[in-house]
Amino acid sequence: MVKRVGVLGLQGAITEHINQLKQLGAEGIAVKTPTDLAQVQALIIPGGESTAISRLIQQIGFYEPIQQFAKNHPVFGTCAGLILCGSSITDGGEKLKPLKLIDIAVTRNGFGRQVDSFETPLDIDSIGQQIPAVFIRAPYIDHVGEGVKILAKIDNRIVMAEHGSVLVSSFHPELTEDNRIMAYFLKKIKEENS
Amino acid sequence: MNKQVGSETVKRGMAQMQKGGVIMDVVNAEQAKIAEAAGAVAVMALERVPSDIRAAGGVARMADPTIVETVMKAVTIPVMAKARIGHISEARILEDMGVDYIDESEVLTPADEEFHILKSDYTVPFVCGCRDLGEGLRRIGEGASMLRTKGEPGTGNIVEAVRHMRKVNGQIHLVMGKNDDELMAFARDIGAPYELVKEVKKLGRLPVVNFAAGGVATPADAALMMSLGADGVFVGSGIFKSENPEKFARAIVQATTHYEDYGMLVELSKGLGTPMKGIEISNLSQQDRMQERGW
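Residues numbered from 1 in each chain as written. Chains lettered and ligands numbered in written order. Predicted model: local features only at pLDDT ≥ 70, side-chain atom pairs only at ≥ 80, totals over all residues. Heavy atoms only, no water.

Colleague: Please explain helix H6 (residues 133-142) of chain B as it appears in this structure.
Modeller: Because the α-helix completes a turn every 3.6 residues, residues three or four places apart line up on one side. All names here are of chain B. For H6, a buried count of 8 out of 10 residues is recorded, marking the element as mostly surrounded by other parts of the structure. Every buried residue of H6 is accounted for by Leu-133, Gly-134, Glu-135, Gly-136, Leu-137, Arg-139, Ile-140 and Glu-142. Turning to H6, the residues buried within the fold contact helix H1 (8-16), strand S6 (126-130), strand S7 (146-149), helix H7 (159-176), helix H8 (183-190) and helix H9 (194-203). The residue sitting at the N-terminus of H6 and contributing the capping side-chain oxygen is Asp-132; that oxygen lies 3.2 Å from the backbone nitrogen of Gly-134. At the C-terminal side of H6, Gly-143 shows a positive phi close to 115°. (Buried < 20%, exposed > 50% of the residue type's maximum accessible area, 1.4 Å probe, protein only. Helix = DSSP H or I, 4+ residues; strand = E, 2+ residues; numbered from the N terminus. Contact = heavy atoms within 4.5 Å. Polar contact = N/O pair within 3.5 Å; in protein donor to acceptor, adjacent residues only side chain to side chain.)

Below, the structure written as structure tokens:
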């Protein structure tokens with residue numbers, strides 16, 4: 001059966017994820033309201049502006065429905081999505097309300113401004129070697145809580161991690177042609193069903 | 001570790017992260033904070049919003065760096081700033097300051113009436129205006145990482161923004177319907193680089209993100225531009241020249257996201273107060289039409 005994956009459709013790189021899901025034979029669906037979650041088996045929170053997405057999550061009443069959904073469905077957060085999935089934000093203040101889906105503390109714009117944004121090949125535990133990773137005003141993970149597995153680091157900063165069915169990356173796999181990370185995430189859906 | 005900064009992927013990717021969002025013109029830290037709190041995906045730091053530039057007349061230049069720096073310190077969302085068309089030094093100054101995006105903008109008085117900036121030379125990404133596909137692809141050819149249809153800035157009148165978005169998307173549809181052996185003549189006719197016309201046909205869309213700009217004044221205007229295929233919207237004078245900037249800013253952000261939820265648009269459009277006063281385009285003299293700047 002075709003896997004149906006929701007991409008939080010409020011703001012950001014939504015179609016990029018949907019296109020990559022399609023390449024892998026899955027169906028990507030933009031999820032714009034909490035009721036749309038009923039149609040999907042997993043959720044991707046895409047890159048975008050974390051403050052903007054956080055505000056839109058609260059305005060449309062998405063906050064608790066996503067937390068409920070994450071209890072028994074896989075969730076993947078990239079960049080802004082990582083920030084939103086996290087448990088605490090070093091410099092977030094009152095600007096955004098993280099969903100607390102995974103126990104990580106996050107520093108936003110941790111690598112600097114846009115002129116410092118970069119791409120680099122990255123070796124990722126459990127997934128593969130030399131995976132192209134695009135960092136755009138990217139966050140990093142300061143530290144992880146118990147049970148959270150660190151998958152990749154750059155300059156000794158954590159940039160990818162997972163805990164059970166929640167996967168987070170500081171960078172944007174959806175901006176490259178390499179779909180190994182997405183394939184890895186899709187496997188979590190199978191694990192859930194078996 | 002081999003880190004590559006300023007690559008095409010990194011520069012275009014920045015614009016991809018802005019999609020579905022609203023970029024707001026601001027002239028000080030207080031406005032920038034209002035924009036951020038309302039859910040703007042970026043702010044454009046300026047000395048004056050376009051309608052005030054119109055009113056002031058004279059030469060409009062890059063903002064005082066103090067204003068841009070103040071805005072950069074006030075918010076954590078990306079900060080954009082405008083350089084004059086062809087003004088290499090203003091662009092380098094803004095890049096050196098670390099702004100996140102430069103708008104080579106027809107809202108300012110052009111510095112060069114023949115050449116635009118060679119944007120591929122820069123680490124910082126650029127956004128440029130366009131009125132049709134040829135103009136857009138010329139800007140991409142020079143290295144623009146993001147486009148915006150021009151509209152007519154500072155008028156609060158959506159008609160030109162609609163004209164330009166329909167024109168660009170209509171021409172993309174034309175490209176899609178052409179045989180490969182017809183593309184060179186089409187590229188010649190619209191004054192676009194041939195390779196980029198071929199890329200548009202292959203992708204079925206522009207190779208970079210395209211926002212709407214120049215005339216958005218209400219939540220319904222923003223929703224209209226999204227319905228016409230914009231990837232997001234720039235709002236210049238529309239927010240801080242309205243009666244209630246906080247309300248307008250929040251409503252325009254939500255309308256941009258939920259542009260097909262008409263019930264929600266009803267609520268978002270209620271009780272906002274007076275939008276900015278608009279200008280009928282036919283009352284603008286030729287030299288007051290900012291959209292004619294750029295070549």
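Text resumes after the structure shown.
Colleague: Mind showing me how you'd approach the confidence of the model for chain B here?
Modeller: Caution applies to low-pLDDT parts of the model: their predicted coordinates are not meant to be read in detail. Within chain B, residue pLDDT values average 96, and 100% of them lie at 70 or more. Reported confidence for the predicted complex is 0.95 by ipTM and 0.96 by pTM. (pLDDT = per-residue confidence, 0-100.)

Colleague: Even after reading the chapter, I still don't get the pattern of salt bridges, so can you show me in this structure?
Modeller: Two side chains carrying opposite charge are able to pair once their charged atoms lie near each other. All names here are of chain B. In the structure shown here, the tally under the stated rule is 28 salt bridges over all chains. In this structure, the salt-bridge partner of Arg-148 is Glu-106, at a minimum N-O distance of 2.9 Å. Of this pair, Arg-148 sits in strand S7 while Glu-106 sits in the loop between strand S5 (101-105) and S6, and the two are 42 residues apart along the sequence. Note on accessibility: Arg-148 and Glu-106 belong to one class, buried. Residue Glu-135 pairs with Arg-131 through a salt bridge whose shortest N-O separation is 3.4 Å. (Salt bridge = Lys/Arg side-chain N within 4 Å of Asp/Glu carboxyl O.)

Colleague: I would appreciate a short explanation of the interface of chain B and chain A in the present structure.
Modeller: One frequent convention defines the size of an interface as the accessible area lost when the parts assemble. In this assembly, 45 residues from chain B lie in contact with 37 residues from chain A. Both faces combined, the contact of chain B with chain A buries some 3200 Å², and carbon together with sulfur accounts for 55% of it. For chain B, the biggest contributors to the area lost against chain A are Lys3(B), Met17(B) and Thr76(B); these three give 20% of the whole. Viewed at the interface, chain A and chain B are joined by 5 salt bridges. Here Lys3(B) makes a salt bridge to Asp155(A), at a shortest N to O gap of 2.6 Å. Only strand S1 (4-5), H1, helix H2 (29-38), helix H4 (65-74) and helix H12 (245-257) of chain B provide two or more residues apiece to the side of chain B that touches chain A. (Buried area = accessible area lost by both parts, 1.4 Å probe.)

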